[in-house]
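One-letter residues, chain by chain:
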Amino acid sequence: MSQFDLTDDQKAIQEVARRFTAEAITPHAARWDETHHYPKDVVQAAAALGFGSIYVSEAGGGIGLGRLEAALIMEAMAYGCPSTSAFISIHNMAAWMIDCFGSEAVKAKYLPSLVTMDRIASYCLTEPGSGSDAAALKTRAVRDGDHYVVSGSKAFISGAGVNDVYVTMVRTGVDGPKGISCLVIERDMPGVSFGAPERKMGWRSQPTAQVNFDEVRVPVENLVGAEGQGFSIAMAGLDGGRLNIGACSLGGGQRALDEAMAYTRQRQQFGKAIADFQATQFTLADMATELSAARALLYQAAVKVSEGAPDKTQFAAMAKRFATDTGMAVADRALQLHGGYGYLMDYPVERIFRDLRVHQILEGTNQIMRMITAREMMRHSN
């Protein structure tokens, strides 16, 4: 085995995820997309395999795997449905933040039900007025005895209105990142409400909406980490989240390539299969090459994040940017190779194209990924 091979355990994990996807996700993904159906039963079936707590520690009830194993699972599930895989990824990120930074009380309160996905978690950072400038968030939490009183709004929240738990970044102190803290807020707490479901281009198998907090009283014990630590917790979570969303792009991109291979072999024009034309072959070759390069970078970044390498944030940003751009570019060319049929919902490439587009925006836009990469390069060169 070379240093670039997966271990036997990793291959086994990958195979379990692929088999689950082939049986429970792929046959239904088009219908979920068309009807805007949220497949909660399938999400919870994934949790029964441990996929709701991939890198939650064994002490916390999770399966305690590394970020490479998580990427393998997300990539495999995204082959069937990038939207559903990404939804499960977000839950994993939120559960890990509680496990890694929460007190024993908050872990005991939430982890048992999050591990099984009997309760499902959302991650609440973005606001209507603060997207890329996340440290400018306005949602405020004011201490009142043994509670915080929370007021404000969060935007573009996956699972808003259906999920049970919201790991939320709030302002408890001064302006800027040092005044941000992290609270776990429950859906049924008085004062929590939700906007109308967003009408989205893709990611239609999961609901997305605004979350509103109107003087919500949240117990102080629901603080994750210390006051003022919230922004660093959010960024630590995003290192892993970026790997996962990159892995979802790899899975969707691989599906698009496979669909293009199959279509061009059977589609006849000018008396032969269009796969026999050199122009088609060059396009397919470039798609395969770029996906392989993106996969290698993402797997390397995943190992660095697992090991806490000094350059983990740089590599997570580079891998997210490259993998999501590559997945979208591959899906675009796969659609083109399908011609007019690729524009129809009857063919999976149409859905994959729509689902992958948002990966270049969320978990930090790809422009912000370039800023992070350059900043970390400068920092490490000193």
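Before reading on, note that the structure itself is shown above.
Residues numbered from 1 in each chain as written. Predicted model: local features only at pLDDT ≥ 70, side-chain atom pairs only at ≥ 80, totals over all residues. Heavy atoms only, no water.

Peer 1: Describe in detail the overall build of the protein chain, supporting the description with residues and values.
Peer 2: When helices and strands are counted, the protein chain shows 11 helices and 10 strands. Taken over C-alpha atoms, the radius of gyration comes to 21 Å for the protein chain, in line with the 21 Å a tight globule of 382 residues would show. Reported as C-alpha extents along the three principal axes, the dimensions of the protein chain are approximately 80 × 50 × 35 Å. Partitioning the intrachain contacts of the protein chain with sequence separation of at least 6 by distance along the chain shows that 74% fall at a separation of at least 24. (Helix = DSSP H or I, 4+ residues; strand = E, 2+ residues; numbered from the N terminus. Rg over C-alpha atoms; globule rule 2.2 N^0.38 Å. Contact = heavy atoms within 4.5 Å.)

Peer 1: How would you summarise the pattern of salt bridges if you had to cite specific residues and measurements?
Peer 2: For the coordinates displayed, the defined rule picks out 17 salt bridges. Of the charged contacts in the structure, one is a salt bridge between Glu 127 and Lys 154, with a shortest N-O distance of 2.9 Å. With Glu 127 in the loop between β1 (121-124) and β2 (140-144) and Lys 154 in strand β3 (residues 147-158), this pair connects stretches of sequence that are 27 residues apart. When its relative accessible area of 7% is taken as the criterion, Glu 127 is described as buried. Among the ionic pairs, Glu 376 bridges to Arg 375, the shortest N-O distance being 3.3 Å. Judged by relative accessible area, which is 48%, Arg 375 ranks as partly exposed. Among the ionic contacts, a cluster of salt bridges with common partners joins Asp 33, Glu 350 and Arg 354. (Salt bridge = Lys/Arg side-chain N within 4 Å of Asp/Glu carboxyl O. Buried < 20%, exposed > 50% of the residue type's maximum accessible area, 1.4 Å probe, protein only.)

Peer 1: Let's hear about the state of the cysteines: which residues, and what values?
Peer 2: Following the criterion strictly, the structure yields zero disulfides and no others. Between Cys 124, a free cysteine, and Cys 182, which holds the nearest cysteine sulfur, the sulfur-to-sulfur gap is 9.7 Å. Residue Cys 124 is classed as buried on the basis of its relative accessible area of 0%. (Disulfide = S-S within 2.5 Å.)

Peer 1: Describe in detail the nonpolar core, supporting the description with residues and values.
Peer 2: Grouped together as the largest cluster of nonpolar side chains are 93 residues, with contacts concentrated most on Met 77, Met 97, Ile 98, Tyr 123, Met 169, Met 287 and Leu 298. If you tally residues by element for this core, the top one is helix α7 (residues 230-266), at 12 residues. Aside from chain neighbours lying at most four places away, what touches Met 77 is Phe 20, Thr 21, Ile 25, Phe 51, Ser 85 and Ile 88. (Core = buried A, V, L, I, M, F, W, Y, C linked by side-chain atoms within 4.5 Å.)

Peer 1: Outline the packing of aromatic side chains, supporting the account with residue identities and numerical values.
Peer 2: One pass over the full model with this rule turns up nine aromatic pairs. Judged by centre distance (6.4 Å) and plane angle (90 degrees), the ring pair of Phe 270 and Phe 277 falls under edge-to-face. Connected via pairs of aromatic rings, a cluster forms that spans Tyr 55, Trp 96 and Phe 101. When the ring centre of Tyr 55 is taken as reference, the NZ or CZ atom of Arg 67 above it lies at 3.7 Å. A cation over an aromatic ring shows up here: Arg 67 above the ring of Trp 96, its NZ or CZ 4.7 Å from the ring centre. (Phe/Tyr/Trp six-rings, centres within 6.5 Å; stacked < 30°, edge-to-face > 60°. Lys NZ or Arg CZ within 6 Å of the ring centre and 35° of its normal.)

Peer 1: How would you summarise empty space enclosed by the protein if you had to cite specific residues and measurements?
Peer 2: Counted according to the given criterion, the structure contains one cavity of 30 Å³ or more. Empty space within the largest cavity amounts to approximately 30 Å³. Looking at the largest cavity, the residues that line it are Ala 29, Trp 32, Asp 33, Cys 81, Ser 83, Arg 204, Ser 205, Arg 351 and Asp 355. When contributions to the lining of the largest cavity are tallied by element, the ones reaching two or more residues are α2 (29-35) and α10 (348-357). (1 Å grid on protein atoms, 1.4 Å probe; cavity = no way out; pocket = protein on both sides within 12 Å on 5 of 7 lines; lining within 4 Å. Points joined across faces, edges and corners; volume = space filled by probe spheres on them.)

Peer 1: Explain the pairing of β2 to me, and be specific about the residues and the numbers.
Peer 2: Pairing analysis gives five bridges linking β2 to β3, with the strands arranged antiparallel. Residue pairing in the sheet places Val 142 in a bridge with Val 149 of β3. Connecting β2 to the next strand, β3, in antiparallel fashion are two residues, including Gly 145 with a positive phi near 65 degrees. (Pairing = 2+ DSSP bridges.)

Peer 1: Which residues make up the packing of helix α4 (residues 67-80) against helix α8 (residues 278-307), and what values do they have?
Peer 2: Two elements in contact, α4 and α8, have axes whose closest approach is 7 Å; the angle formed by their N-to-C orientations is 140 degrees. If you check the angle between α4 and α8, you find them oblique. Facing α4, whose interface residues are Arg 67, Leu 68, Ala 71, Leu 72 and Glu 75, α8 presents Arg 295, Leu 298, Tyr 299, Ala 302, Val 303, Val 305 and Ser 306. (Axes fitted to C-alpha atoms, helices over the stretch in contact; angles between N-to-C directions. Parallel < 35°, antiparallel > 145°, perpendicular 65-115°, else oblique.)

Peer 1: Describe in detail the environment of Pro 197, supporting the description with residues and values.
Peer 2: Within the secondary structure layout, Pro 197 lies in the loop between β6 (192-194) and β7 (208-219). Residues Pro 197 and Ala 209, spaced 12 residues apart in sequence, show a C-alpha to C-alpha distance of 4.9 Å. Leave out the neighbours within four places in its chain, and Pro 197 touches Thr 208 and Ala 209.

Peer 1: An account of the environment of Gly 64 is requested, with residue identities and associated values reported.
Peer 2: Along the polypeptide, Gly 64 turns up in the loop between α3 (40-48) and α4. Separated by 14 residues in the primary sequence, Gly 64 and Gly 50 place their C-alpha atoms 9.4 Å from one another. Contact partners of Gly 64, with chain neighbours within four places excluded, come to Ser 53, Ile 54, Val 56, Ser 57 and Glu 58.

Peer 1: Pulling in residues and values, what's your account of the layout of surface pockets?
Peer 2: By volume, the largest pocket amounts to about 1,100 Å³. As for the largest pocket, its lining consists of 40 residues, of which Thr 126, Ile 361, Leu 362, Glu 363 and Gly 364 are closest to the centre. For the lining of the largest pocket, the secondary-structure elements that each account for two or more residues are α5 (82-101), β3, α7, α10 and α11 (366-381). It is α7 that provides the largest number of residues to the lining of the largest pocket, a total of six residues. Broken down by class, the residue content of the lining of the largest pocket amounts to 21 nonpolar, 10 polar and nine charged. Approximately 300 Å³ is the volume found for the second largest pocket. Lining the second largest pocket we find 13 residues, and of these Gln 3, Phe 4, Ala 296, Tyr 299 and Gln 300 sit closest to its centre. The element contributing the most residues to the lining of the second largest pocket is α8, with five residues. Of the residues belonging to the lining of the second largest pocket, the class tally is seven nonpolar, four polar and two charged. (Nonpolar A, V, L, I, M, F, W, Y, C, P; charged D, E, K, R; others polar.)

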